[in-house]
Amino acid sequence: MVVVGAILFAFYAVVAAVAYALGFPLWVVVVGSVGLVALQYKVGKWMALRSVGAEEMPEDGGWADVHRRVERLSDEMGIEKPRLMVADMGVPNAFAVGRKGAGTVVVSTELARLLEDDELEGVLAHELAHIKNRDVVTMVVGQGIASIVGIAAQWAVLLTGDNDLADFFLAIVVGNVVQFFVMLFVLAISRYREYVADADAKEYVGSGEPLARALEKIQQGNERGTAGTRSPGPARGRGRGRDQGGVNNQVGALCIFDDDSRSLLTRIVATHPPVEKRIQRLRE
């Protein structure tokens with residue numbers, strides 16, 4: 001984590017230095033860089049919630065137990081209780097956005113129907129751990145750095161070339177390639193943070209078994225493209241959202257479970273480690 005973080009911020013420092021060397025005042029470089037990342041964070045949070053049609057989770061009825069569990073876990077983790085929302089995602093899943101004091105956890109109705117109470121608590125603890133550890137902010141900053149580095153690479157090609165049509169297309173290619181390689185470091189951080197959130201959930205729940213069973217059911221539900229239904233007992237509630245067999249790319253990296261295809265390329269660019277390894281660690 002230290003090495004990867006140092007490399008990312010070294011990229012960021014180089015970009016700022018290049019902008020300063022091109023004649024931009026230092027305060028413009030600093031404010032512009034921070035502002036871009038902050039804007040990406042705000043817009044990304046709003047788009048993630050909007051993309052699944054998330055709605056406020058009622059505090060009564062079938063959702064009351066979820067609120068109580070989240071409140072207890074939040075107290076134990078030393079964070080404020082996050083905003084709770086519900087959405088129809090088409091598959092059993094959950095994700096967290098925001099930071100300490102301003103976090104939001106979204107639970108799919110399919111997940112609530114599928115899991116037993118202790119399994120759902122394991123998932124909730126995992127998402128609260130992401131908020132506690134500021135993982136969402138870390139990922140947004142990393143993605144922002146990758147974007148800035150890609151843009152800087154494009155300008156470097158344009159400023160050193162003849163500024164003709166060939167340089168324009170070359171700049172696009174170089175910018176995307178550079179951004180891709182920086183994102184490899186960001187994705188490595190993402191996979192590592194999933195293991196950390198699993199370990200934290202195991203600690204606060206008292207056992208890794210509930211979350212391990214939940215991951216098994218979530219994987220099966222995503223493979224089928226439809227959620228299983230727990231019986232007996234009604235669904236805890238309904239939200240307005242997506243009615244299809246999966247979540248989109250906007251929130252896939254945030255969810256507790258993302259696409260689990262495991263070719264060599266997808267392992268390199270995956271946001272999540274293999275679910276089998278996560279389950280094994282939880283049960284060790």
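Above this text sits the structure in question.
Presented here is an overview of the structure given in this document. (Residues numbered from 1 in each chain as written. Predicted model: local features only at pLDDT ≥ 70, side-chain atom pairs only at ≥ 80, totals over all residues. Heavy atoms only, no water.)

**Here we look at the overall build of the protein chain**
Along the backbone of the protein chain there are eleven helices and four strands. In the protein chain, the proportion of contacts linking residues at least 24 apart, taken out of those at least 6 apart, comes to 72%. In the form shown here, the protein chain has an accessible surface area of approximately 13,900 Å², with 60% of it arising from carbon and sulfur atoms. (Helix = DSSP H or I, 4+ residues; strand = E, 2+ residues; numbered from the N terminus. Contact = heavy atoms within 4.5 Å. Areas by Shrake-Rupley, 256 points an atom, 1.4 Å probe, with all protein chains shown as cover.)

**Observations regarding the environment of valine 275**
You can see valine 275 is positioned in helix H11 (residues 275–283). Residues valine 275 and isoleucine 218, 57 residues apart in the sequence, show an inter-C-alpha distance of 9.9 Å.

**With respect to the sheet that holds strand S1 (residues 55–56)**
Across the sheet, which stays open at both edges, the four strands sit in the order S1-S2-S4-S3 with mixed pairing between neighbours. Looking along the sheet, the strands with just one partner apiece sit at the ends: S1 and strand S3 (94–97). With five bridges joining them, strand S2 (residues 83–87) and strand S4 (residues 104–108) adopt parallel strand pairing. Its bridge partner lying in S4, leucine 84 is registered against valine 105. (Pairing = 2+ DSSP bridges.)

**Topic: the pairing of S2**
The side chains of a regular strand alternate, residue by residue, between the two faces of the sheet. When you tally the buried positions in S2, you get four out of five residues, the bulk of the element. Across two bridges, the pairing between S1 and S2 is antiparallel. Directly across from glutamate 55, in S2, lies its bridge partner valine 86. (Buried < 20%, exposed > 50% of the residue type's maximum accessible area, 1.4 Å probe, protein only.)

**Description of the nonpolar core**
Ranked by size, the top nonpolar core spans 33 residues in total, and within it Val66, Val105, Leu111, Val123 and Leu124 carry the most contacts. Counting only elements with at least two residues in this core, the list comes to helix H3 (64–77), S2, S3, S4, helix H4 (109–114), helix H5 (117–132), helix H8 (209–224) and H11. Per-element tally for this core: the top contributor is H5, with six residues. The contact partners of leucine 111, leaving out residues within four places of it in the chain, are Pro92, Asn93, Ala94, Leu120, Val123 and Ile218. Listed in part, the eleven residues of the second largest apolar core include Ala54, Met85, Ala87 and Met89. (Core = buried A, V, L, I, M, F, W, Y, C linked by side-chain atoms within 4.5 Å.)

**Quick notes on helix H7 (residues 165–205)**
For H7, with 41 residues, the first-to-last C-alpha span of 59 Å sits near the 60 Å given by 1.5 Å per residue. Downstream of H7 by one or two residues, glycine 206 has phi in the positive range, about 105 degrees. (Expected span 1.5 Å × (residues − 1).)

**As for the pattern of salt bridges**
Side-chain pairs of opposite charge can arise whenever the charged atoms involved come near each other. One pass over the structure, following the stated rule, counts 15 salt bridges. Close ionic contact of glutamate 119 with arginine 213 constitutes a salt bridge, the shortest N to O distance being 3.0 Å. Of the two residues, glutamate 119 is situated in helix H5 and arginine 213 in helix H8; the sequence distance between them amounts to 94 residues. Here glutamate 209 makes a salt bridge to arginine 213, at a shortest N to O gap of 3.9 Å. Taken together, the residues glutamate 209 and arginine 213, both in helix H8 and four residues apart, mark about one turn of the helix. Overall, the relative accessible area of 29% leaves glutamate 209 in the partly exposed class. A residue is classified by how much of its surface remains accessible, and arginine 213, at 25% relative accessible area, is partly exposed. Ionic contacts of the salt-bridge type, sharing partners, join the residues Asp118, Glu119, Glu209, Arg213, Glu216, Lys217 and Arg283 into one network. (Salt bridge = Lys/Arg side-chain N within 4 Å of Asp/Glu carboxyl O.)

**Things to note about a negative patch on the surface**
On the surface, a cluster of negative charge is contributed by Glu59, Asp60, Glu71 and Asp75. Inspection of the secondary structure assignment puts aspartate 75 in helix H3. (Patch = residues over 30% accessible without salt bridge, like charges linked within 9 Å, V, L, I, M, F, W, Y side chains within 5 Å. Lys, Arg positive; Asp, Glu negative; His and termini not counted. Charge placed at Lys NZ, Arg CZ, Asp CG, Glu CD.)

**Re H3**
If you check H3, its first and last C-alpha atoms are 20 Å apart, about what 14 residues at 1.5 Å a residue would give, namely 20 Å. Within the span of H3, buried status applies to Ala64, Val66, His67, Arg69, Val70, Leu73, Ser74 and Met77. Buried-residue contacts for H3 involve S2, H5 and H7. Looking one or two places after H3, you find glycine 78, whose phi comes out positive at around 75 degrees.

**Concerning the packing of aromatic side chains**
All chains considered together, the criterion is met by one aromatic pair. Between phenylalanine 180 and phenylalanine 181, the aromatic rings sit 5.6 Å apart at their centres with planes inclined by 70 degrees, giving edge-to-face as the arrangement. Arginine 281 extends its terminal NZ or CZ atom over the ring of tyrosine 195, reaching a point 3.7 Å from the ring centre. (Phe/Tyr/Trp six-rings, centres within 6.5 Å; stacked < 30°, edge-to-face > 60°. Lys NZ or Arg CZ within 6 Å of the ring centre and 35° of its normal.)

**Description of the side chain of arginine 278**
Residue position: arginine 278 is located in helix H11. Classification of arginine 278 by relative accessible area gives buried; the value is 1%. At 2.8 Å, the side chain of arginine 278 forms a polar contact with the side chain of aspartate 198. In this structure, arginine 278 is in contact with His126, Glu194, Tyr195, Asp198, Leu215, Ile256, His272 and Pro273, ignoring residues within four places of it in sequence. (Polar contact = N/O pair within 3.5 Å; in protein donor to acceptor, adjacent residues only side chain to side chain.)

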